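Structural characterization, general
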Amino acid sequence: MDEKKTKLPEMTFGKSVLVVIVLIAIIFSGYVVFNFDTKVIFTLTSVAVGIMLVAYGFKVDTVVKWYADGGRGAVDVIIILMCVGTVIGTWMASGVVPTIIYYGLKLLTPTSFMLVGFSLCCIVSFFIGSSYSTLATLGVAFIGIGTGMGMNINLVAGMVLSGALFGDKMSPFSDTTNLAPAVSGTTVWKHIGSMIYTVTPSLIISFVLYGILGSRYNISGADLSLANKMMTAVEVNFNPTPILFIVPVMVLVLAVLKVPSVPALLASSALAIIVGIITQPFSAVTIINSLGNGFSIDTGLAELNRLVNRGGIGSMMEVVAWTILTLGMGQMLKESGVLNAFLSKMIGFIKKKRDCVLATLIFALCTAMLTASQYLAIMLPGLLMKDTFTKFKLDKKVLSRTLEDGGTMFSFLIPWDTAGIYTASVLGVSTLSYAPYAFLLILNPIIAAIYAYAGFAQFPAKEEEEISA
């Protein structure tokens, strides 16, 4: 029998609410009460959702197919994760990250560190168009420099993430920057132009806050003994040389040339291996093996060991498992109509123009929390709200902007979201620890909501028609 001709059971609002309640109960009890591993929690939620869908009349093979489709849909993300693993491993073994840490400790001061770090992460992420790549390279390096300076690592992680998300949100090379306007029905450049209104105040306030917090670490009062020990350990175990900066510079060049992230990351790994074999005291086999197994060394300093002993494709397998589990469950919720029934019911409460933006932000947060997927947090609210924005004669670029103000940002603040899991894994700082300091991510949706209430930057649809005419 042709599956396409099989009529699926109707998913009512009441049924969807029950699924959501069970989902939230398992996630909450798993994290808070029993302290289960994330993989266990999402295995349990996937099984529970699957059983409920079968009980609602969906066929077992259909539910399993949806779950498998979600896993298959994660292939692109998995490839990027594996490439990130190769970058971290080779950049450690070749001495690239240790060199950045070494010169960063030499040149930066505790007072200037936060502002310089935030600015560099914003610039690099804009040209690369990838928060994942920025976190895996500059992010790891700045965590190392901050550790050496005795900085609050939670604050450093929040700063790095805010800078990385600036590019993820604003760069024309970013996947989310292209996804949001595609779902909304507008162009990339109109979308970016619209986002300037909300990201500019968020960026300025974040810059000021990081400047104020960074100024507390003055040079005279800072204990730089760890920084000195770390520089000595790098000198003893590696060969820190400015030549190694050719690797991150090449990444920027490839970004300007609009080379896709996967070949760009692999190319940087290849160059790191070549330069590492020439400059470092390690064997070629050790450096090449860092592609798969990561890098391992006893530097004699525990703090430096924690920073450089990482990377490789193998180190990403746990994150890959989380990604498959969460996206599989998200696909079941999407295809069965649970999310659509749950969120679409709320559209009836939208009575004014400002409600469109607020509802989109809420929908994005709910979707991110329930599906653990940044992409679904953009796609589903966008598809649900598109007609509503038309009804209230709001330009679609307001919708696309709001999807990024919410969906792109929220995902990195949720501990069980794939984006939050990835960030915590790469930086070595838990999601709930860095979240209070990720100012750009917190401010963006707040400013979007304030704009909605004030009626500012709520462009009418006729403006888009006049521009495109």
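Here we summarise the structure given alongside this text. Starting afresh in each chain, residues are numbered from 1 along the sequence in its written order. Totals for whole chains, interfaces and linings use every residue, but because this is a predicted model, local features are given only for residues with pLDDT of at least 70 and side-chain atom pairs only at 80 or more, for both listing and counting. Derived side-chain values reflect all non-hydrogen atoms in the structure, with water molecules and hydrogen atoms excluded from consideration.

Next up on the list: the overall build of the protein. Helix and strand labels come from DSSP, where a helix needs a run of H or I of at least four residues and a strand needs a run of E of at least two; each type is numbered from the N terminus. When you go through the protein residue by residue, the secondary structure sums to 24 helices and zero strands. Two things to know: the radius of gyration comes from C-alpha atoms, and the globule rule equals 2.2 Å times the number of residues to the power 0.38. Rg of the C-alpha trace for the protein: 23 Å, near the compact-globule value of 23 Å for 469 residues, within the 12% margin. Its C-alpha atoms put the protein at 65 × 50 × 45 Å along the principal axes. Of the roughly 18800 Å² of accessible surface on the protein, a fraction of 68% belongs to carbon and sulfur atoms. Counting rule for charge: Lys and Arg are taken as positive, Asp and Glu as negative, and neither His nor the chain ends is counted. Positions of charges follow a simple convention, taking NZ of Lys, CZ of Arg, CG of Asp or CD of Glu. Within the protein, one finds 29 positive and 25 negative side-chain charges whose respective centroids are separated by 7 Å. Using the Shrake-Rupley algorithm and a 1.4 Å probe, accessible areas are obtained, with residue cover drawn only from the displayed protein chains.

You can see serine 94 is positioned in the loop between helix 4 (75-93) and helix 5 (96-107). Note on classification: 1.4 Å probe, protein chains only; a residue is buried when its accessible area is under 20% of the maximum for its type, exposed when over 50%, partly exposed between these limits. The exposure class of serine 94 is buried, given its relative accessible area of 0%. In what follows, residue pairs with any heavy atoms lying within 4.5 Å of each other are defined as contacts. If we skip the residues at most four places from it in the chain, serine 94 touches Leu244, Ala272, Gly276, Thr279 and Gln280.

Pairs of packed helices are described in terms of their axes, by the angle between the two and the distance that separates them. Note on geometry: axes are C-alpha line fits, over the in-contact stretch for helices, and angles between N-to-C directions span 0 to 180 degrees. Where helix 5 meets helix 11 (residues 225-237), the axes come as close as 10 Å, and the angle between the chain directions of the two elements is 140 degrees. One finds that helix 5 runs oblique with respect to helix 11. Of the two possible hands of crossing, helix 5 and helix 11 adopt the one that is left-handed. Note on element contacts: helix 11 touches helix 5 through Ala227, Met230, Met231, Val234 and Glu235, opposite Pro98, Ile101, Tyr102, Leu105 and Lys106. For the contact of helix 5 with helix 11, the class distribution of residues is eight nonpolar, no polar and two charged. By the definition adopted for this analysis, an angle is roughly parallel if under 35 degrees, roughly antiparallel if over 145, roughly perpendicular if from 65 to 115, and oblique otherwise. Definitions for this section: a left-handed crossing has its near helix turned counterclockwise from the far helix by less than a right angle. A right-handed crossing has that turn clockwise. Put simply, Ala, Val, Leu, Ile, Met, Phe, Trp, Tyr, Cys and Pro go in the nonpolar bin, Asp, Glu, Lys and Arg in the charged bin, and everything else, Gly too, in the polar bin.

Bringing the nonpolar core into the picture now. Definition used in this section: a nonpolar core is a set of buried Ala, Val, Leu, Ile, Met, Phe, Trp, Tyr and Cys residues joined via side-chain atoms within 4.5 Å. Leu53, Phe113, Leu333, Met385, Tyr422 and Leu441 are the most contacted members of the largest nonpolar core, which has 151 residues in total. With near-sequence residues (within four places) excluded, tyrosine 422 lies in contact with Leu81, Val84, Tyr132, Leu135, Ala136, Met316 and Val319.

So, on to a nonpolar patch on the surface. Side chains of Ile24, Phe28, Val32, Val33, Phe34, Phe36, Val40 and Leu44 sit close together on the surface and give an oily, nonpolar patch of about 760 Å² of accessible area. Of all the secondary-structure elements, those providing two or more residues to the nonpolar patch are helix 1 (13-33) and helix 2 (38-55). Ranked by residues supplied to the nonpolar patch, first place goes to helix 1 with four residues. Along the chain, phenylalanine 34 falls in the loop between helix 1 and helix 2. Like charges within 9 Å and nonpolar side chains (Val, Leu, Ile, Met, Phe, Trp, Tyr) within 5 Å are joined into patches, using only residues over 30% in relative accessible area that form no salt bridge. By definition here, a salt bridge exists when the distance from a side-chain nitrogen of Lys or Arg to a carboxyl oxygen of Asp or Glu is within 4 Å.

Between its first and last C-alpha, helix 5 extends 16 Å over twelve residues, near the 16 Å set by a 1.5 Å rise per residue. Of all the positions in helix 5, only Val96, Val97, Pro98, Thr99, Ile100, Ile101, Tyr102, Gly104 and Leu105 are classed as buried. Among the structural elements, helix 4, helix 7 (131-148), helix 11, helix 12 (246-256) and helix 15 (302-308) are those in contact with the buried residues of helix 5. In a helix, the anticipated span is given by 1.5 Å times the number of residues less one.

Our focus in this paragraph is helix 9 (residues 175-184). Every buried residue of helix 9 is listed here: Thr176, Thr177, Ala180, Pro181, Val183 and Ser184. Take helix 9 and look down its axis: the buried residues cluster within an arc of 160 degrees, on one side only. Contacts made by the buried residues of helix 9 are with helix 8 (153-170), helix 10 (188-215), helix 19 (374-391) and helix 20 (396-410). Glycine 185 lies just past helix 9 and shows a positive phi near 95 degrees. It is the directions from the helix axis to the C-beta atoms whose arc is reported.

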